[in-house]
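Read off the chains here:
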Amino acid sequence: PDSFGEFTGASLTKPDMPKDFTICAAYMVEAWTTSFTSAYLFCLNDRDGDRWGYVKMFGDKTHTEFSVYFSRVSFTVISDRVLFPLTWTRVCVSLDTVSGYVVLVSNGEVLEDEVHVEAMEEDKWRPAELDMVLGKSRSKEYTVIISQVNIFSSPLTTARMVAQTDAGGEECGAP
């Protein structure tokens, strides 16, 4: 906690992070404190703090961009939905190294559901233990609230990810 008793960042050591996984969470930007309107939703780092993976959001006046990076897999997609402060954004991302599928879903909208051959190749840079860092990237903190973080030990189906992120839906935020 910071000097006000608020948590400004959190990390979770995940020594048994599965090779294939799904991460889902809800994010709310409290306010953009600078003209740089982006935030890392989470980072997966090695023990030295070097990034192996992340999902990052960038809010523009006309759209929202999501950047996904898992070692050799990297892409940016655009959603027509505008990111507003004080509004929840629900995101699920999955990595399937057997099929190569990487899926990104935000607020019930499938933004990426593609095979990335790089995901199927051996990742010699993947650390044995990963730290999941929420709310900050290295020394930079972001004004986001994070809730309903779920890590699944396998890639969820696209339909289940849509249900997990569809606000008001029965499965939204379900563990």
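Conventions we followed
Along each chain, the written sequence defines residue order, and numbers are assigned to residues from 1. Where totals are concerned, whole chains, interfaces and linings use all residues; where local detail is concerned, this predicted model gives features only for residues with pLDDT of at least 70, and gives and counts side-chain atom pairs only at 80 or more. In computing side-chain properties, one takes all heavy atoms of the structure into account and sets aside hydrogens as well as water. Nonpolar cores were defined as sets of buried Ala, Val, Leu, Ile, Met, Phe, Trp, Tyr and Cys residues, with membership established by side-chain atoms within 4.5 Å. Only protein chains enter the accessibility calculation, which uses a 1.4 Å probe; a residue whose area is less than 20% of its type maximum is buried, one above 50% is exposed, and one in between is partly exposed. In DSSP terms, a helix is any run of H or I states spanning at least four residues, a strand is any run of E spanning at least two, and both are numbered starting from the N terminus. Throughout, a residue-residue contact means that at least one pair of heavy atoms, one from each residue, lies within 4.5 Å. By definition, the arc is the one covered by directions from the helix axis to the C-beta atoms. At least two bridges found by DSSP between two strands are what make those strands a pair. A cavity here means a set of 1 Å grid points, computed over protein atoms only, where a 1.4 Å probe fits but cannot escape. A pocket is an open set with protein on both sides within 12 Å along at least 5 of 7 lines, and lining residues have an atom within 4 Å of a point. Grid points are joined across faces, edges and corners, and a volume is the space filled by probe spheres set on the points. Ten residue types, Ala, Val, Leu, Ile, Met, Phe, Trp, Tyr, Cys and Pro, are classed as nonpolar, four, Asp, Glu, Lys and Arg, as charged, and the remainder, Gly among them, as polar. Orientation is described by axes fitted as lines to C-alpha atoms, over the contacting stretch for helices, and by angles from 0 to 180 degrees between their N-to-C directions.

1. Observations regarding the nonpolar core
For step 1, the next point in the chain: Ranked by internal contacts, the top residues of the largest apolar core, which has 31 residues, are Phe21, Ile23, Phe42, Leu44, Phe70, Val93 and Leu104.
For step 2, the next point in the chain: Those elements that place two or more of their residues in this core are strand 2 (21-29), strand 3 (38-45), strand 4 (51-59), strand 5 (64-70), strand 6 (73-79), strand 7 (88-95), strand 8 (101-106) and strand 10 (130-134).
For step 3, the next point in the chain: With 5 residues, the top contributor of residues to this core is strand 2.
For step 4, the next point in the chain: Residue contacts for phenylalanine 21: discarding those within four places in its chain leaves Leu44, Trp52, Phe70, Val93, Ser94, Leu95, Arg126, Phe152, Ser154 and Pro155.

2. Comments concerning helix 2 (residues 158-165)
For step 1, the next point in the chain: Looking at helix 2, one finds that the buried residues are Met161, Gln164 and Thr165. With its buried residues spanning 85° around the axis, helix 2 presents them on a single face.
For step 2, the next point in the chain: At its buried positions, helix 2 is contacted by strand 2, strand 7, strand 8 and strand 13 (144-152).

3. Some points on the pairing of strand 4
For step 1, the next point in the chain: Direction of pairing for strand 3 relative to strand 4: antiparallel, over a ladder of 7 bridges. Counterpart to asparagine 45 in the pairing with strand 4 is arginine 51.
For step 2, the next point in the chain: Count of turn residues in the strand 3/strand 4 antiparallel hairpin: 5 residues, of which glycine 49 carries a positive phi of about 85°.
For step 3, the next point in the chain: Hairpin connection of strand 4 to strand 5: 4 residues between the antiparallel strands.

4. Examining the layout of surface pockets
For step 1, the next point in the chain: Here the second largest pocket defines a volume of roughly 150 Å³.
For step 2, the next point in the chain: Lining the second largest pocket are 14 residues, with Trp52, Thr97, Ala119, Glu121 and Asp123 sitting closest to its centre.
For step 3, the next point in the chain: Grouping the amino acids of the lining of the second largest pocket by side-chain chemistry returns 5 nonpolar, 2 polar and 7 charged.

5. Description of the sheet that holds strand 7
For step 1, the next point in the chain: Pairing is antiparallel across the open sheet formed by 5 strands, whose spatial order is 9-8-7-2-13. Pairing within the sheet leaves two strands with one partner each, and these edge strands are strand 9 (109-115) and strand 13. This sheet shows a mean twist of 10° between the axes of neighbouring strands, independent of strand direction.
For step 2, the next point in the chain: Sheet topology places strand 8 next to strand 9; 6 bridges connect them, and they run antiparallel. By the bridge assignment for strand 9, serine 106 is matched with glutamate 109.
For step 3, the next point in the chain: Across the sheet, helix 2 is in contact with strand 2, strand 7, strand 8, strand 9 and strand 13; its angle to strand 7 comes to roughly 160°.

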